[in-house]
Amino acid sequence: MVDEIEDSLSRAFVFNLINLFMDDMVNTRHANLIFTTHYSSFLDVLRSDAIHVCYVKEGKCNAYNLNSIKPDSRLILSKQFDDNVFEMQANGEYFGKVKMNLIRQS
């Protein structure tokens with residue numbers, strides 16, 4: 001288990017590591033690699049059933065298996081995520097509220 005895997009390792013190394021875990025000839029015991037990341041590009045090398053996405057909404061942490069959200073299989077996952085298709089990213093309105101709360105508190 002690795003928290004924010006991109007902070008410790010290069011992107012190329014992480015891609016190669018993921019591929020090793022996904023290769024049945026190498027990973028004969030079917031070990032799992034569990035990691036968190038902020039790099040949406042990693043979504044494109046994983047099976048969608050192996051991806052769980054977490055986000056905070058209304059002060060609560062939510063987690064979903066990506067398959068339950070029904071990503072469009074015709075499109076690149078990272079592009080869908082970056083375009084906020086799954087409505088999991090904080091938008092400008094959210095940050096505006098955070099800013100106003102911080103101003104009120106100061």
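Residues numbered from 1 in each chain as written. Predicted model: local features only at pLDDT ≥ 70, side-chain atom pairs only at ≥ 80, totals over all residues. Heavy atoms only, no water.

Chemist: Help me out: how do you make sense of the confidence of the model for the chain in this one?
Modeler: Detailed reading of the predicted coordinates is not advisable wherever pLDDT is low. Residues of the chain with pLDDT of at least 70 account for 89%, and the chain-wide mean is 81. Per-residue pLDDT, averaged within each element of the chain, yields its smallest value for helix α5 (residues 92-105) (72) and its largest for helix α2 (residues 11-22) (91). (pLDDT = per-residue confidence, 0-100. Helix = DSSP H or I, 4+ residues; strand = E, 2+ residues; numbered from the N terminus.)

Chemist: I tried to follow α2 on my own but got confused; where do I start?
Modeler: Note: α-helices contain 3.6 residues per turn, so residues at a spacing of three or four share the same orientation. Along its 12 residues, α2 runs 17 Å from first to last C-alpha, staying within 8% of the 16 Å computed at 1.5 Å per residue. Among the residues of α2, those classed as buried are Val14, Leu17 and Ile18. Within α2, the buried residues cover an arc of 100 degrees as seen down the axis, which keeps them to one side. Where α2 is buried, its residues contact α1 (5-8). (Expected span 1.5 Å × (residues − 1). Buried < 20%, exposed > 50% of the residue type's maximum accessible area, 1.4 Å probe, protein only. Arc of directions from axis to C-beta. Contact = heavy atoms within 4.5 Å.)

Chemist: I would appreciate a short explanation of the environment of Phe21 in the present structure.
Modeler: Within the secondary structure, Phe21 is located in helix α2. On the basis of relative accessible area, Phe21 is assigned to the partly exposed category, the value being 29%. As a C-alpha pair, Phe21 and Leu33 span 12 residues in sequence and 6.9 Å in three-dimensional space. Setting aside anything within four residues of it in sequence, one finds Phe21 in contact with Asn27, Ala31, Asn32 and Leu33.

Chemist: In this structure, what is going on with unusual backbone geometry? I would like to understand it.
Modeler: Note: most residues except glycine have negative phi, and most peptide bonds are trans. Even without being glycine, Glu4 reaches a positive phi, approximately 45 degrees. On the secondary structure map, Glu4 appears in the segment before α1. Here Glu4 falls in the partly exposed class, since its relative accessible area comes to 26%. One non-glycine residue, His30, adopts positive backbone phi at about 55 degrees. Residue position: His30 is located in the loop between α2 and β1 (52-57).

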